[in-house]
Amino acid sequence: DAEITQSPRHKITETGRQVTLACHQTWNHNNMFWYRQDLGHGLRLIHYSYGVQDTNKGEVSDGYSVSRSNTEDLPLTLESAASSQTSVYFCASSWAGLNEQFFGPGTRLTVL
Amino acid sequence: GENVEQHPSTLSVQEGDSAVIKCTYSDSASNYFPWYKQELGKGPQLIIDIRSNVGEKKDQRIAVTLNKTAKHFSLHITETQPEDSAVYFCAASGNDMRFGAGTRLTVKP
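1. Remarks on the state of the cysteines
Then step 1. By the definition in use, this model includes two disulfides over all chains.
Then step 2. Two residues share a disulfide in this structure: A:Cys23 and A:Cys91, whose sulfurs sit 1.8 Å from each other. Looking down the S-S bond of the A:Cys23 and A:Cys91 bridge, the torsion is -70°, so its handedness is left-handed. Pair noted here: A:Cys23 is in strand E3 (residues 19-25) and A:Cys91 is in strand E9 (residues 87-94), with a separation of 68 residues, a long-range link. The residues A:Cys23 and A:Cys91 share a single accessibility class, namely buried.
Then step 3. Paired through a disulfide, B:Cys23 and B:Cys90 show a sulfur-sulfur distance of 1.9 Å. Its S-S torsion of about -100° marks the bond between B:Cys23 and B:Cys90 as left-handed, since a negative value means left-handed. Within this pair, whereas B:Cys23 is found in strand E3 (residues 19-25), its partner B:Cys90 is found in strand E9 (residues 86-93), the two being separated by 67 residues in sequence.

In structure tokens:
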């Protein structure tokens, strides 16, 4: 069955370290998204991609970067982790256009 | 950019009662309005969506209404069951998707 996976599921890191969160989908979806979820804020869009080599900044992109070298993967990199980036991160994917987004199980990141 | 407000933040109902969650949005260009349910420890999952050319959509016990003039849309759950207990998010999408802050629904048996 097609799915979307995230790894790792839990990560603890130190301030200033570079961290990469992986997202992999097997639906062959054009669109992929990264969100962070914090209490009281719902889901906030970090970066998104509408296809290979396409990346766009979302609402809260500072301190994060993504790259899309193939259809299946959109890794999220925290260049220099900060305590304010402690959060739960969700990856999602969808077909082109405005359609249902399928979410991964999330990665809980703690920056000490 | 788009701004989505969602109310209430928490909602407690008795099993069998109805639950209503309301959202407003700011960008008149938004034309896709999904609702997601998130259970503890899982990612959000779509339960129903509506597009701007439709005023109401129903799927069994769940219905969504959209008022484009007033820029608000609502989720209605009838005959609530304990398994409906979860966090519900509304969203509005034009150029990108913006989510409301969420409503924690508790259905008491």
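2. Digging into the packing of aromatic side chains
Then step 1. Under the definition given, this model contains 15 aromatic pairs over all chains.
Then step 2. Members of the aromatic cluster, joined through ring pairs, are A:Phe33, A:Tyr35, A:Tyr48, A:Tyr50, A:Phe90, A:Phe103, B:Tyr36 and B:Phe99.

3. Here we look at the interface of chain B and chain A
Then step 1. Between chain B and chain A, the contact holds 20 residues from the first and 19 residues from the second.
Then step 2. A salt bridge links B:Arg98 to A:Glu59, with the nearest nitrogen and oxygen atoms 3.9 Å apart.
Then step 3. The tally of links from chain B across to chain A stands at four residue pairs in polar contact (both at pLDDT 80 or more).
Then step 4. Going through the elements one at a time, strand E4 (32-38), strand E5 (45-51), E9 and strand E10 (97-99) of chain B are the ones with two or more residues in the side of chain B that touches chain A.
Then step 5. The residue inventory of the side of chain B that touches chain A, partitioned by class, reads eight nonpolar, eight polar and four charged.

4. A closer look at unusual backbone geometry
Then step 1. At the junction of A:Ser7 and A:Pro8, the peptide bond is cis and its omega measures out at -5° in the coordinates.
Then step 2. In this fold, A:Pro8 is placed in the loop between strand E1 (4-7) and strand E2 (10-13).
Then step 3. In this structure, B:Pro8 follows B:His7 across a cis peptide bond, with omega equal to -5°.
Then step 4. Note that B:Pro8 resides in the loop between strand E1 (4-7) and strand E2 (10-14).
Then step 5. Despite not being glycine, A:Gln53 has its phi angle at roughly 70°, a positive value.
Then step 6. For A:Gln53, a relative accessible area of 65% translates into the label exposed.

5. What to know about the pairing of strand E11 (residues 107-111) of chain A
All names here are of chain A.
Then step 1. Alternating positions in E11 separate cleanly, Thr107, Leu109 and Val111 being buried on one face and Arg108 and Thr110 remaining unburied on the opposite face.
Then step 2. Sheet topology note: the E9/E11 ladder contains three bridges and is antiparallel. Each residue of the ladder has a partner; that of Tyr89, found in E11, is Thr107.

6. Here we look at the sheet that holds strand E7 (residues 64-66) of chain A
Residue and element names in this part refer to chain A.
Then step 1. With respect to topology, four strands assemble into an open sheet ordered E1-E3-E8-E7, the strand pairing being antiparallel. Taken across any chain shown, the strands that pair with only one partner, and hence form the sheet edges, are E1 and E7. On average, each strand axis in the sheet is inclined to that of its neighbour by 20°, with strand direction left out of account.
Then step 2. Bridging between E1 and E3 involves four bridges; their strand directions are antiparallel.

7. Brief notes about the nonpolar core
Residue and element names in this part refer to chain B.
Then step 1. The biggest cluster of nonpolar side chains holds 23 residues, and the ones touching the most others in it are Trp35, Phe73, Leu75 and Leu105.
Then step 2. Looking at this core, the elements that each hand over two or more residues are E2, E3, E4, E5, strand E7 (62-67), strand E8 (72-77), E9 and strand E11 (103-108).
Then step 3. Leaving out residues up to four positions away in the same chain, Leu105 has contacts with Leu11, Val13, Ala19, Ile77, Asp84, Ser85, Ala86 and Tyr88.

Thresholds applied
- Residues numbered from 1 in each chain as written.
- Chains lettered and ligands numbered in written order.
- Predicted model: local features only at pLDDT ≥ 70, side-chain atom pairs only at ≥ 80, totals over all residues.
- Heavy atoms only, no water.
- Disulfide = S-S within 2.5 Å.
- Helix = DSSP H or I, 4+ residues; strand = E, 2+ residues; numbered from the N terminus.
- Buried < 20%, exposed > 50% of the residue type's maximum accessible area, 1.4 Å probe, protein only.
- Phe/Tyr/Trp six-rings, centres within 6.5 Å; stacked < 30°, edge-to-face > 60°.
- Contact = heavy atoms within 4.5 Å.
- Salt bridge = Lys/Arg side-chain N within 4 Å of Asp/Glu carboxyl O.
- Polar contact = N/O pair within 3.5 Å; in protein donor to acceptor, adjacent residues only side chain to side chain.
- Nonpolar A, V, L, I, M, F, W, Y, C, P; charged D, E, K, R; others polar.
- Pairing = 2+ DSSP bridges.
- Axes fitted to C-alpha atoms, helices over the stretch in contact; angles between N-to-C directions.
- Core = buried A, V, L, I, M, F, W, Y, C linked by side-chain atoms within 4.5 Å.

Read these as geometric descriptors, not functional statements.
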